[in-house]
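So you can see what is in the structure, the chains are spelled out below.
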Amino acid sequence: MFKKSKDLKIGVRIIVGYLIIASIACCIGVIGVINLKNVQDSYAFDYNNSVKALEYVERMSSHFQQVRVNLSGFALGTDSEKLKDYYKERITYHEGVIAENIGYYNDILDDYEIYEVETELSLVNSIQEAVNNFEAVKNQLINGLETGSVSKEEFVSSLTEGGTAHDLANITEDAIRELIDYNINYASNMINKNGMNASSSIIIMNVAIIVGLAVAIWLGITISRSISVPIKKVVNAAHQLAEGDMDIVFDFESKDETGMLVDAFKNLVASTKEQAIMVEKIADGDLTVNVPIRSEKDLLGRKLSEMAQNLNYLMLNIASAAEQVSVGAKQISDSSMTLSQGAEEQA
């Protein structure tokens, strides 16, 4: 895969690297948002349920106290039937509120798995059982007082310390207090748990940031080297060529712009070598070389071709002049011989 990426255009590689880094940044952001949302939801869920649970338990406790107060009023009040009916009505109302809040509390527990709230269910059931036992004794006392089977002194004695109703009331209050303590401890534990979750989220975010930063650095170095290494090789080759060294070999292949640059430089070196060979042949006296002209703008090729042609023309002129000198010298020699022969004859 990395080898194939070297064939991508430089612009495409940079865009792909940017998209990868952007994707990593988005992933880090999404992870952070999800973790923060989970912590926030956990805090909100536990806070709401804890507040509601304590609110319901507080109502159970306060209304149970009202039941005890009104029951005492019923026992200590006058023989007025209207007043007794009032106390009985208030007792019934407060008992209804207690039952209602126990139901609300159970509704909260329905949002959890049974194994998560097993202790709480046991505590709520203990309250319900204690309330039922107290209500049973209370009903016996009220009915007995109304029918005359229970005297007012026996009624009051049951409500005072050591009495059955008093003991059951204390058991009910102890059960309610135990549930309150459980909720306080639960809230404290949830705060600690959510704090640990928040710390874990911070650690995950830091790890994700470090990994993303490492990947970004690695991508940057990889893309940079894929561009700089071949360009550096071309620069070194250019220095070699400038110094007249044409023994240049490239061990790099790519289909991107750097590969195109290397291929173009290879063509330049090959063309320079070819022209150097032409110059070498001309220098050795071979004026029959045919210098290839690569294009209309090939100044060096055209001038080498013109130089070869001019040298050819010059050599032809020299040869012709030498021949003419040779003919003239022969003619002079022949004339000298003729003159010499004529002088001899005259003598």
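Our subject is the structure that appears above.
Asker: How would you sum up the overall build of the protein? Please name residues and give values.
Answerer: A count of helices and strands for the protein gives 8 helices and 0 strands. Counting helices and strands in the order they occur from the N terminus, the protein gives α-α-α-α-α-α-α-α. Restricting to contacts in the protein with at least 6 residues of sequence separation, those with at least 24 account for 69%.

Asker: Now, about the pattern of salt bridges: what can you tell me, with residues and values included?
Answerer: All chains considered together, the criterion is met by 5 salt bridges. A salt bridge links K138 to E95; the nearest nitrogen and oxygen atoms lie 2.7 Å apart. You can see K138 sitting in helix α4 (residues 118-147) and its partner E95 sitting in helix α3 (residues 81-109), a full 43 residues away along the chain. Note on K138: relative accessible area 5%, which makes it buried.

Asker: With reference to specific residues and values, describe helix α5 (residues 152-159).
Answerer: Buried within α5 we find F155, S158 and L159. The buried side chains of α5 occupy one side of the element, clustering within an arc of 100° when seen end-on.

Asker: Kindly report on the nonpolar core, identifying the contributing residues and their values.
Answerer: Where a protein is soluble and globular, its nonpolar side chains tend to be buried together. Among the nonpolar cores identified, the biggest contains 38 residues, and M60, L71, Y105, I127, F134, F155 and L179 are the most heavily contacted of them. Those elements that provide at least two residues to this core are α2 (10-76), α3, α4, α5 and α6 (164-242). When sequence neighbours within four positions are dropped, the list of residues in contact with I127 reads M60, I102, A175, I176 and L179. One finds V234, I248, F265 and V269 within the second-largest nonpolar core, a separate group that totals 7 residues.

Asker: Got a sec to walk through the environment of L121? Specific residues and values, please.
Answerer: Mapped onto the elements of the fold, L121 is located in helix α4. The spatial distance from the C-alpha of L121 to the C-alpha of N106 is 7.7 Å, given a sequence separation of 15 residues. Once residues lying within four places of it in the same chain are set aside, the contact partners of L121 are N106, L109 and I114.

Asker: Report on the packing of aromatic side chains, specifying residues and quantitative values.
Answerer: For the structure on display, the rule yields 5 aromatic pairs. For the pair F64 and F134, a centre-to-centre distance of 5.0 Å together with 65° between the ring planes defines the contact as edge-to-face. With F64 in helix α2 and F134 in helix α4, this residue pair connects regions lying 70 residues apart in the sequence. Take F134: its relative accessible area is 2%, and that puts it in the buried class.

Asker: So what about a nonpolar patch on the surface? Which residues, and what values?
Answerer: Residues M307, L311, L314 and I318 make up a contiguous nonpolar surface patch of roughly 320 Å² in combined accessible area. By the element assignment, L314 lies in helix α8 (residues 299-346).

Asker: Kindly report on the packing of α3 against α4, identifying the contributing residues and their values.
Answerer: For the pair α3 and α4, interaxial distance at closest approach is 11 Å and the crossing angle is 165°. Comparing their axes, α4 and α3 come out roughly antiparallel. The crossing of α3 and α4 is left-handed. For the pair α3 and α4, the contacting residues are K88, I91, E95, I98, I102, Y105, N106 and L109 in the first and E120, L121, V124, I127, Q128, V131, E135, K138, I142 and E146 in the second. Within the contact of α3 with α4, the residues separate by chemical class into 10 nonpolar, 2 polar and 6 charged.

Asker: Please set out the packing of α6 against helix α7 (residues 257-283) residue by residue, giving values where relevant.
Answerer: Axis separation between α6 and α7 bottoms out at 10 Å; the angle between their running directions is 15°. Classified by the angle their axes make, α6 and α7 are roughly parallel. For the element pair α6 and α7, the recorded crossing hand is left-handed. Counted together, S226, I227, P230, I231, V234, A237, A238 and L241 of α6 and T258, L261, V262, F265, L268 and T272 of α7 form the full contact between these two elements. Considered class by class, the residues forming the contact of α6 with α7 number 11 nonpolar, 3 polar and no charged.

Asker: Go over the environment of S228, please, and point to the residues and values.
Answerer: With respect to the helices and strands, S228 occurs in helix α6. Classification of S228 as partly exposed rests on a relative accessible area of 37%. Separated by 30 residues in sequence, S228 and T258 place their C-alpha atoms 8.9 Å apart.

Cut-offs applied
Residues numbered from 1 in each chain as written. Predicted model: local features only at pLDDT ≥ 70, side-chain atom pairs only at ≥ 80, totals over all residues. Heavy atoms only, no water. Helix = DSSP H or I, 4+ residues; strand = E, 2+ residues; numbered from the N terminus. Contact = heavy atoms within 4.5 Å. Salt bridge = Lys/Arg side-chain N within 4 Å of Asp/Glu carboxyl O. Buried < 20%, exposed > 50% of the residue type's maximum accessible area, 1.4 Å probe, protein only. Arc of directions from axis to C-beta. Core = buried A, V, L, I, M, F, W, Y, C linked by side-chain atoms within 4.5 Å. Phe/Tyr/Trp six-rings, centres within 6.5 Å; stacked < 30°, edge-to-face > 60°. Patch = residues over 30% accessible without salt bridge, like charges linked within 9 Å, V, L, I, M, F, W, Y side chains within 5 Å. Areas by Shrake-Rupley, 256 points an atom, 1.4 Å probe, with all protein chains shown as cover. Axes fitted to C-alpha atoms, helices over the stretch in contact; angles between N-to-C directions. Parallel < 35°, antiparallel > 145°, perpendicular 65-115°, else oblique. Left-handed = near helix turned anticlockwise from the far one by under 90°. Nonpolar A, V, L, I, M, F, W, Y, C, P; charged D, E, K, R; others polar.

Read these as geometric descriptors, not functional statements.
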